[in-house]
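# Fold and contact review
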Amino acid sequence: VGLAATSAVVTAVIGLAAQETLKNLFAGISLQVDSPFEEGDWVDLGSTTGVVTSLRLMTTRVRGLDGSITVVPNSRIAVDGLRRFKPEEPVGQIIELGLDYNLPPRQAIELLQRTLQHNRKVLRHPTPKVWVTSFADSSIIYNLLTWQASALELRQLKSTVLEQIWYALHRIDQSIPYPVRDIRTKPSPARLPSSEITSLQKQKL
């Protein structure tokens, strides 16, 4: 009985210790059979973004923009999912921007569209688009949908687009608005000198 109980405890301990390993193993087999991505694909796992360098039974390795390699357990990919971009497919991104209320929306949309057309890295097909999303406290919020040839240059394209928009706004005497707070203090009630207060108290008595 003692030997059986000990064996059961050891089996339970080994089973709990190997639980994550088995999850990663079966997830790796599933990913290799299903093939949702391949080596060389650009993937976005939320906290990890980069190019897949290898897919193994237990882990997937992703090279980031800074050159570092992130080892991702396959069970995490199987549960959380990912966004995949093929090297030969166009990649889109949405850039959010707030412009001043003094700039009419139609004029702002035309300015933003011209800016995207003048950027050589923005693809003409699919067609880039601009639209109004909301009216914020200090600005009108616009979304810019841009397309480019490679996911490796997403941040660089966004930087060049925002830089061109800044110059385009300054050419028409416009700027990027920012919240303005108006703080008003309430004056404290006038206080009588202590000598006058004492005199009033004596008069009442």
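In what follows, the structure referred to is the one given above.
First things first, this report covers the structure right here in the doc. (Residues numbered from 1 in each chain as written. Predicted model: local features only at pLDDT ≥ 70, side-chain atom pairs only at ≥ 80, totals over all residues. Heavy atoms only, no water.)

On the surface, Ile-29, Val-33 and Leu-57 cluster together into a nonpolar patch covering about 270 Å² of accessible area. By secondary structure assignment, the location of Val-33 is in helix 2 (residues 19-34). (Patch = residues over 30% accessible without salt bridge, like charges linked within 9 Å, V, L, I, M, F, W, Y side chains within 5 Å. Areas by Shrake-Rupley, 256 points an atom, 1.4 Å probe, with all protein chains shown as cover. Salt bridge = Lys/Arg side-chain N within 4 Å of Asp/Glu carboxyl O. Helix = DSSP H or I, 4+ residues; strand = E, 2+ residues; numbered from the N terminus.)

Along the chain, Ser-139 turns up in the loop between strand 7 (129-135) and strand 8 (140-148). Aside from chain neighbours lying at most four places away, what touches Ser-139 is Gly-98, Leu-99, Tyr-101 and Pro-177. (Contact = heavy atoms within 4.5 Å.)

Attention shifts here to the sheet that holds strand 6 (residues 91-99). Reading across from one edge, 6-8-7 is the order of the three strands in this open sheet, with antiparallel pairing throughout. Two strands lie at the open edges of the sheet, namely strand 6 and strand 7, each paired on one side alone. Neighbouring strand axes in the sheet, compared pairwise and without regard to direction, differ in orientation by 25° on average. Of the pairings in the sheet, the one linking strand 7 to strand 8 comprises six bridges and is antiparallel in character. Its bridge partner lying in strand 8, Ser-134 is registered against Ile-141. This element, helix 4 (residues 105-117), spans strand 6, strand 7 and strand 8 of the sheet and lies at about 20° to strand 8. In this fold helix 5 (residues 154-171) packs onto strand 6 and strand 8, with an angle of close to 30° to the strand it touches most, strand 6. (Pairing = 2+ DSSP bridges. Axes fitted to C-alpha atoms, helices over the stretch in contact; angles between N-to-C directions.)

With that out of the way, let us pick up the nonpolar core. In terms of nonpolar packing, the biggest core is built from 19 residues, with Leu-99, Leu-112, Tyr-142, Leu-144, Val-161 and Ile-165 touching the most fellow members. Where this core is concerned, the elements lending two or more residues are strand 6, helix 4, strand 8 and helix 5. In this structure, Leu-99 is in contact with Ala-108, Leu-112, Ser-139, Ile-140, Tyr-142, Leu-169, Ile-176 and Pro-177, ignoring residues within four places of it in sequence. (Core = buried A, V, L, I, M, F, W, Y, C linked by side-chain atoms within 4.5 Å. Buried < 20%, exposed > 50% of the residue type's maximum accessible area, 1.4 Å probe, protein only.)

Applying the stated rule across the entire model yields two aromatic pairs. Centre to centre, the rings of Tyr-101 and Phe-135 are 6.3 Å apart; their planes meet at 20°, and the pair counts as stacked. Placement of Tyr-101 in the loop between strand 6 and helix 4 and of Phe-135 in strand 7 is noted, with a sequence separation of 34 residues between them. Residue classification places Phe-135 among the exposed positions, given a relative accessible area of 59%. Pairing Trp-166 with Tyr-167 gives two aromatic rings, centres 5.0 Å apart and planes at 90°, and the pair type is edge-to-face. Since its relative accessible area comes to 41%, Trp-166 is described here as partly exposed. The class for Tyr-167 is partly exposed, based on a relative accessible area of 44%. (Phe/Tyr/Trp six-rings, centres within 6.5 Å; stacked < 30°, edge-to-face > 60°.)

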